[in-house]
Amino acid sequence: MTTTPHPLVTHARRLAHDLLVPQAERVDQEGVPASHVEAVKRAGLLGVVAPREYGGADAPVAVARETAEILAGACCSTWFVQTQHHTPVKLLATYDSPVREKLLRPLAAGELMAGIAFAHVRAFPRVPVRAVPRQGGWQFDGRVHWYTGWGLNDVMLLAGVTDTAEVVFVCVEAREQPGLTPSAPMRLAALSAARTVSLELDGLWVPDESVVLRTPQQEFALVDLARAANTGPAVFGVAYAALDLVARAPDGEETARSLRVRLDEVRREAYALADRPAPADSVPERLAVKTRAHGLLRAATTAAIVAGGGRSMDLDSPAQRLAREGMFLLVQGQTAEARRTHLGSLASG
């Protein structure tokens, strides 16, 4: 992993070393505590991509990626909770709206934390959450299957689809309220600690002044397809953390070195692609690189399990935690195109 000179990278490394890594196994079993979120806020990491005029750092993309890698490699559950925050910040910074002036500054400063509830829009033409104009606002009905950070987030970016195939993004308080009921926290094979729930929406009304963006579903899909085809920094963060374990194990140094060289190469290629404009015809190339990165992630976490031997099966072992986190990252944000590409790669050996 390269080191990008920036105060936020230094803060992220210190946070990882002093807090996240020492407590990662406990957090994995017990859940991300509010104190971890407060530590991320104090480190300034919630404002990494936010504009300076609203109190953010407006850091280069390389800094945002490296801080994400550091957090994910240290405690993937904490990373996953806080990473939701950056999408609402980016949307509010990009699109002028009444809610922008209300929320962007406290979000950029880390006074508030945001989550996201719009992955279901990718199911179109199936519409899990429907948005209907009602009385100076919008009514939302349906089910959000995955919402991460419940009880830790203050607001959420929620999306629904109208009868005319328009996607409506709104900001609402992340709490139980009339028309919004959370499930119990989900028990998952990995990242149960991230406090993921489903949300039942039954007549949730949101005023017009809380609308962030309205966009045709077709336009959303075109942008989202290319964006989702990129390899996320967490893949590299968890893979590097696993290789650090391998390198410290007897007979593991050469394996770690070999895999690290290959991982460095794919990382450079993935980020170079992500920095290019993302036309629709670039999706196959991006997915091919993402599939290679996932293959190296599996190899790195498997090597950590093998290097740890029977001790890797202990829930106090970082190797098994990293392996489960790697399993999660294989399907996080998965699109139909990504699934087909990955399965095809596995079938061809």
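Right above here is the structure, for reference.
Basis of the calculations
- Note on numbering: residues in each chain are counted from 1, in written sequence order.
- Since the coordinates come from a predicted model, pLDDT governs what is reported: local features require at least 70, and pairs of side-chain atoms require 80 or more to be given and counted, while whole-chain, interface and lining totals use all residues.
- Calculated side-chain values reflect all of the structure's heavy atoms, with hydrogen atoms and water omitted.
- Put simply, DSSP marks the helices as runs of H or I at least four residues long and the strands as runs of E at least two long, and each gets a number from the N terminus on.
- Centres within 6.5 Å are what make two rings of Phe, Tyr or Trp a pair, Trp counting through its six-membered ring; a difference in plane orientation under 30 degrees is then read as stacked, over 60 as edge-to-face, and the rest as tilted.
- Remark: exposure states derive from per-residue accessible area (1.4 Å probe, protein chains only) relative to the maximum for the residue type, with buried under 20%, exposed over 50%, and partly exposed in between.
- One less than the number of residues in a helix, times 1.5 Å, gives the span that helix is expected to have.
- Here, axes are lines fitted to C-alpha atoms. For helices the fit covers the stretch in contact, and angles between N-to-C directions go from 0 to 180 degrees.
- Comment on the angle field: the value is read as roughly parallel under 35 degrees, roughly antiparallel over 145, roughly perpendicular from 65 to 115, and oblique elsewhere.
- A clockwise turn of the near helix away from the far one marks a right-handed crossing, whereas an anticlockwise turn of less than a right angle marks a left-handed crossing.
- Here, residues are in contact when the closest pair of their heavy atoms is within 4.5 Å.
- Only Asp, Glu, Lys and Arg are considered charged in this grouping, and only Ala, Val, Leu, Ile, Met, Phe, Trp, Tyr, Cys and Pro are considered nonpolar; every other residue, Gly among them, is considered polar.
- Pairing between two strands is assigned when DSSP locates at least 2 bridges connecting them.
- Nonpolar cores are built from buried Ala, Val, Leu, Ile, Met, Phe, Trp, Tyr and Cys residues. Side-chain atoms within 4.5 Å join them into one set.
- The rule for a salt bridge is simple: a side-chain nitrogen of Lys or Arg has to be within 4 Å of a carboxyl oxygen of Asp or Glu.

1. A word on the environment of Val161
Stage number 1. Mapping Val161 onto the fold places it in strand E4 (residues 155-161).
Stage number 2. In sequence terms Val161 and Asp224 are 63 residues apart; their C-alpha atoms lie 15 Å from each other.

2. Quick look at the packing of aromatic side chains
Stage number 1. Per the counting criterion, the structure on display carries seven aromatic pairs.
Stage number 2. Judged by centre distance (4.9 Å) and plane angle (70°), the rings of Phe80 and Phe328 are edge-to-face. Of this pair, Phe80 sits in helix H4 (residues 76-83) while Phe328 is found in helix H11 (residues 318-331), placing the two residues 248 residues apart along the sequence. As far as the burial class goes, Phe80 and Phe328 line up, both buried.
Stage number 3. Pairing Phe118 with Phe169 gives two aromatic rings, centres 5.6 Å apart and planes at 75°, and the pair type is edge-to-face.

3. Side note on H11
Stage number 1. Between its terminal C-alpha atoms H11 stretches 21 Å, which fits the 20 Å expected from 14 residues at 1.5 Å a residue.
Stage number 2. Within H11 the residues assigned to the buried category are Ala319, Gln320, Arg321, Leu322, Arg324, Glu325, Gly326, Phe328 and Leu329.
Stage number 3. At the C-terminal side of H11, Gly333 shows a positive phi close to 65°.

4. Let's talk about the packing of helix H9 (residues 253-275) against helix H10 (residues 283-308)
The description of two helices packed together rests on the angle between their axes and the distance between the axes.
Stage number 1. Running from amino to carboxyl end, H9 crosses H10 at an angle of 155°, the nearest separation of the two axes being 10 Å. In this view, H9 runs roughly antiparallel relative to H10, as classed from their interaxial angle. Judged by the twist between their axes, the crossing of H9 over H10 is left-handed. Mapping the contact onto sequence places Thr255, Leu259, Arg262, Leu263, Glu265, Val266, Glu269, Ala270, Leu273 and Ala274 in H9 and Glu285, Arg286, Val289, Arg292, Ala293, Leu296, Ala299, Ala300 and Ala303 in H10.
Stage number 2. Of the residues contributing to the contact of H9 with H10, the split by class is twelve nonpolar, one polar and six charged.

5. Remarks on the packing of helix H5 (residues 86-94) against helix H6 (residues 98-108)
Stage number 1. The contact between H5 and H6 brings their axes to 10 Å, and the two run at 135°. Put simply, H5 runs oblique to H6. Handedness of the H5/H6 crossing: left-handed. Taken together, the residues of H6 that come into contact with H5 (itself represented by Val89, Leu92 and Ala93) are Val99, Arg100, Leu103, Leu104 and Leu107.

6. Quick notes on the pairing of strand E3 (residues 137-148)
Stage number 1. In terms of strand pairing, strand E2 (residues 129-134) meets E3 through six bridges, oriented antiparallel. Of the residues in E3, the one forming a bridge with Pro133 is Trp138.
Stage number 2. Taking the residues that link successive antiparallel strands as the turn, the E2-E3 hairpin has two residues, and the phi of Gln135 there is positive, at about 45°.
Stage number 3. Pairing analysis gives ten bridges linking E3 to strand E7 (residues 196-207), with the strands arranged antiparallel. Paired with Asp141 across the strands is Asp202, a residue of E7.

7. Structural notes on the nonpolar core
Stage number 1. Ranked by size, the top nonpolar core spans 66 residues in total, and within it Leu15, Leu45, Trp79, Phe236 and Leu329 carry the most contacts.
Stage number 2. Counting only elements with at least two residues in this core, the list comes to helix H1 (7-30), helix H2 (34-42), helix H3 (61-74), H4, helix H8 (233-248), H9, H10 and H11.
Stage number 3. With eleven residues, the single largest contributor to this core is H8.
Stage number 4. When near neighbours in sequence (up to four residues on either side) are disregarded, Phe236 contacts Glu69, Thr231, Leu263, Val266, Arg267, Ala270, Tyr271 and Ala293.

8. Here's the deal with the pairing of E7
Stage number 1. Where strand E6 (residues 180-182) lies against E7, three bridges are found, and the strand directions are antiparallel. In the sheet register, Thr181 faces E7, and the bridge partner there is Glu200.

9. Brief notes about the pattern of salt bridges
Between side chains of opposite charge, a pair can form as their charged atoms come close.
Stage number 1. Under the counting rule described, the total for this entry stands at 19 salt bridges.
Stage number 2. With a closest N to O distance of 2.8 Å, Glu69 and Arg267 form a salt bridge. Of this pair, Glu69 sits in helix H3 while Arg267 sits in helix H9, and the two are 198 residues apart along the sequence.
Stage number 3. A relative accessible area of 1% means that Glu69 is categorised as buried.
Stage number 4. Two residues, Glu166 and Arg214, come together in a salt bridge whose shortest N-O distance is 3.1 Å.

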